[in-house]
Every structure is written in structure tokens, then in C-alpha cells.
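Coordinate analysis (summary)
Here is what each chain is made of, one letter per residue.
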Amino acid sequence: MSSASASASAEPPAPRGVAVVTGGARGIGEAAVRRFAADGYPVAILDVDAGRGEKLAAELSRDGAQVAFHACDVADPDTVAAVADRVAAEFGPAGVLVTSAALIPNTESIMDMDLSAHDRMWRVNYHGTLHACRSFGRQMVDAGAGGSIVTVGSINSLLPLPLPAYNPAKVALARLTQLLAAELGRHRVRVNSVAPTYVMTPELQARIDAGQRDLGKMMGVHALDTLPLTADVADAIAFLCSPQARTITGVLLPVDSGWAASVSYMTYSGGVPWQKPNTR
Ligand SMILES: NC(=O)c1ccc[n+]([C@@H]2O[C@H](COP(=O)([O-])OP(=O)(O)OC[C@H]3O[C@@H](n4cnc5c(N)ncnc54)[C@H](O)[C@@H]3O)[C@@H](O)[C@H]2O)c1
């Protein structure tokens, strides 16, 4: 039997070790924290929001889970490295990493955008992901037990939208995910990404209420009539980290209610067929 077919039939171990979630105090990150805690992982929450992060860790710990909060600005590589050491000292090396920490902007033009806000968004959204993948990826490689990293992309990873710092950073993250998958595969560390469409969070509802997002326009370009909840994105993340995804690496999994399939179809200049008379 060739070594290739021998390794194809070997059952890799499920990821072990602590599940680390950046941006885990709120939103999609919080849903991932709740999911991994429910699945029996020790969980480390890394976030700048100490109030929410500590409260979440205390709530889940009261319910019997092993959850710790670490204040961490992912934009600072030294802070991320120091926190990674503290997480390893407490729980052992990371088995799972989810990079959900990000700043989320409103529409703006390249001509008029604030450059310092642009640069800060890259430092948090792109560099912050890179820092976490390096610090916790090294733990996975050194521990030799495999692992799973899920970066959080967006429909912005797929097509241009008028968010001039956020949109190209999400494209860059999709490519970074592929590079990491190629580099770390030989260590049985899988690296994938999820690409959610607009997720119905209290923050999105507030942006709709403030006129910063148009619900009618939003719903008009999805195949399904419902948007994902944070728990739906956490389910996709949990799948990508599960043994059922043992041969999946380097992919960008849309959690998008059919946005990618529908956005050009629904805006076709010849019209949408079923909006014409006598069409199903
Ligand atoms: N909400 C959506 O509709 C949506 C859609 C597609 C993709 N996403 C992506 O999902 C991820 C999470 O989004 P969300 O809606 O849950 O956002 P959110 O604002 O609810 O949560 C982001 C979390 O990141 C933390 N954070 C911000 N800056 C940080 C920093 N420098 N260091 C550490 N933590 C920091 C925040 O404190 C917060 O807890 C992001 O990558 C976002 O781009 C969100």
C-alpha cells in the first residue's frame, strides 16, 4: 500500500484542546463560544470588551463549562502572543481557533473615507486574524495533535460592496485562509472560513432602525426569505471543526441564505421571471 493511500484511510483524531474564540464576547463569536462550551470544549474568549467577556465566561462556568476570558486587542501581535501563552498555561495548547474579532463599518467612499479608521480596520480585521492564526497555529503545530482554524469572512469576501476597508480585507482573509490551509495541512491543521451574509443581530437591527441598512433591499437579493442567526453561523463553524469535516480544508463556506446565488439574478435588467404576470 502506498503511503498516500495509507494516510487516506487513517482516521485523524478529532481536534482536541481548548477552543479559542477571538471576538467571543458578542455576536457570532459569542455564539461560537456557547456552541463549543456546549460541545464540551474548554473555551478561551479573547476580546477587548472585558465587561461582556467576563460576564459570558462567568455564566457558562456557572453552568459547568470551563470558560476563561482574556482581555486582548488582536491588533497587537505581542498581546496576542502573551495571551496565547496564558491560555496554554491554563488549558494546554489550542485545538480550535475561531477568529471573529472585527470592526464593522457603514457605507463610505474611498475618496472621503477617514484613513486612520481605514488603517485601524485593517489592523483589527486582517492583521488581528493573522496574529491569532500565528500564535495559536504554532501551538497546534508544536503539540502535533492537529487542529482546526476557522476564520470569519463575509459575503464581502465574494463581491465588491461599498465598504472600502472592510471589503478588501475580507478578500485578503479568504486568500490568507487558503495559504494557511496549504502551509498547515501537513501538520493536520485544517483552515477554513465561513462567509455569512447579513446576520440578524441586535446590532444589525439597530443599523436598520437607524437607516444605515435597507431591509427591503437586503431581503430582495437572497434566495431564502430568512437571514442567518448567529447560532446558524456557529453551527457551520462547529461542522468545519468536527471530524465530519476531516478532509475539508481551504474552503470558504457561505452561510448566506443564497445571497451569492441570487444577488446578480435578482438584479437582472430583464427582470425576475416570477415577478412577471402568469409566472410561477
Ligand atoms: N453581523 C454580520 O452581519 C456579519 C456578516 C458577515 C460577516 N460578519 C463577520 O463576523 C464576525 C463577527 O461579527 P459580529 O456581527 O459578531 O460582530 P460584533 O461587533 O457583534 O462582535 C465583534 C466582537 O469583536 C470584538 N472586537 C472588536 N475589536 C477587537 C479587537 N481589536 N480585539 C479583540 N476583539 C475585538 C468586539 O468587542 C465584539 O465582541 C466579523 O468578522 C464580521 O466581519 C458579520
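Bear in mind the structure is a predicted one, so any value in this text is a computation, not a measurement.

Scoring rules and cut-offs
Residues numbered from 1 in each chain as written. Predicted model: local features only at pLDDT ≥ 70, side-chain atom pairs only at ≥ 80, totals over all residues. Heavy atoms only, no water. Helix = DSSP H or I, 4+ residues; strand = E, 2+ residues; numbered from the N terminus. Rg over C-alpha atoms; globule rule 2.2 N^0.38 Å. Buried < 20%, exposed > 50% of the residue type's maximum accessible area, 1.4 Å probe, protein only. Contact = heavy atoms within 4.5 Å. Lys, Arg positive; Asp, Glu negative; His and termini not counted. Charge placed at Lys NZ, Arg CZ, Asp CG, Glu CD. Near = heavy atom within 4 Å. Polar contact = N/O pair within 3.5 Å; in protein donor to acceptor, adjacent residues only side chain to side chain. Areas by Shrake-Rupley, 256 points an atom, 1.4 Å probe, with all protein chains shown as cover. 1 Å grid on protein atoms, 1.4 Å probe; cavity = no way out; pocket = protein on both sides within 12 Å on 5 of 7 lines; lining within 4 Å. Sits in = over half its atoms within 2 Å of the grid points. Nonpolar A, V, L, I, M, F, W, Y, C, P; charged D, E, K, R; others polar. Pairing = 2+ DSSP bridges. Axes fitted to C-alpha atoms, helices over the stretch in contact; angles between N-to-C directions. pLDDT = per-residue confidence, 0-100. Phe/Tyr/Trp six-rings, centres within 6.5 Å; stacked < 30°, edge-to-face > 60°. Salt bridge = Lys/Arg side-chain N within 4 Å of Asp/Glu carboxyl O.

What the chain contains, in helices and strands, is ten helices and seven strands. Over its C-alpha atoms the chain spans a radius of gyration of 20 Å, differing by no more than 12% from the 19 Å that the globule rule assigns to 280 residues. Structurally, the chain occupies a C-alpha span of about 60 × 50 × 40 Å along its principal axes. Counting all 280 residues of the chain, 47% fall into the buried class. The long-range fraction of contacts in the chain, counting pairs at least 24 apart against all pairs at least 6 apart in sequence, stands at 72%. Charged side chains of the chain number 23 positive and 26 negative; the gap between the two group centres comes to 6 Å.

The residue Gly 258 is located in the loop between β7 (252–255) and α10 (259–262) in this model. Judged by relative accessible area, Gly 258 falls into the buried class, the value being 19%. On a C-alpha basis, the gap between Gly 258 and Val 221 in space is 8.4 Å, while along the polypeptide they are 37 residues apart. Residues contacting Gly 258, with those up to four places away along its chain left out, are Val 221, His 222 and Ala 223.

The next thing to look at is the site of the ligand. What surrounds the ligand is a group of 27 residues, the closest being Arg 26, Ile 28, Asp 47, Tyr 166 and Val 199. One of the side-chain N or O atoms of Tyr 166 is found 2.4 Å from an oxygen atom in the ligand. Interatomic distance of 2.9 Å between a side-chain N/O atom of Lys 170 and an oxygen atom of the ligand. Burial of the ligand by the protein amounts to 92% of the accessible area it has alone, namely 830 Å². A molecule is said to occupy a pocket when more than half its atoms come within 2 Å of that pocket's grid points, and by this definition the ligand occupies the largest pocket. Going through the elements one at a time, α2 (27–38), α5 (115–143) and α6 (166–184) are the ones with two or more residues in the shell around the ligand. Taken together, the residues of the shell around the ligand sort by class into 15 nonpolar, six polar and six charged.

On to the sheet that holds strand β4 (residues 94–99), then. Overall, parallel pairing links the seven strands, which are arranged β3-β2-β1-β4-β5-β6-β7 in an open sheet. Strand pairing shows two members of the sheet lacking a second neighbour, β3 (67–71) and β7, which therefore form its edges. The average undirected angle you get between the axes of adjacent strands in this sheet is 20°. Of the strand pairs in this sheet, strand β5 (residues 147–152) and strand β6 (residues 189–196) are connected by six bridges, and their pairing is parallel. For Ile 149, the partnering residue across the bridge sits in β6 and is Val 191. Strands β1 (18–22), β2 (43–47), β3, β4 and β6 of the sheet are contacted by α2, whose axis makes an angle of about 170° with β1. Across the sheet, helix α3 (residues 50–62) touches β2 and β3, and the angle it forms with β3 is around 170°.

Take the confidence of the model for the chain next. In this model, the chain carries an average pLDDT of 94, and 95% of its residues clear a pLDDT of 70 or more. Every residue in residues 1–9 is under pLDDT 50, and counting partners more than four places away or in other chains gives two contacts. A low-confidence stretch, residues 11–15 stays under pLDDT 50, and its non-local contacts, those more than four residues away or across chains, total twelve contacts.

In this structure, His 70 sits in strand β3. Owing to a relative accessible area of 9%, His 70 belongs among the buried residues under this scheme. Aside from chain neighbours lying at most four places away, what touches His 70 is Ala 44, Ile 45, Leu 46, Asp 47, Val 83, Arg 86, Val 87 and Glu 90.

With that out of the way, let us pick up the side chain of Thr 201. Locating Thr 201 in the fold gives a position in the loop between β6 and α7 (202–209). Look at Thr 201 and you get buried, because its relative accessible area is 14%.

A word on the packing of aromatic side chains. Within this structure, the stated rule accounts for three aromatic pairs. The interplanar angle of 80° and the centroid separation of 5.1 Å between the aromatic rings of Phe 36 and Tyr 41 together place this pair among those described as edge-to-face. Across the pair, Tyr 41 and Phe 36 agree in class, each one buried.

Let's shift gears to the pattern of salt bridges. In total, this model carries seven salt bridges according to the counting rule given. Among the ionic pairs, Arg 34 bridges to Glu 30, the shortest N-O distance being 3.1 Å. You can see Arg 34 and its partner Glu 30 sitting in helix α2, four residues apart, about one turn around the helix. On the basis of relative accessibility, which here comes to 31%, the residue Arg 34 falls in the partly exposed class. Through salt bridges that share partners, Glu 30, Arg 34, Arg 52 and Glu 59 make up one connected network.

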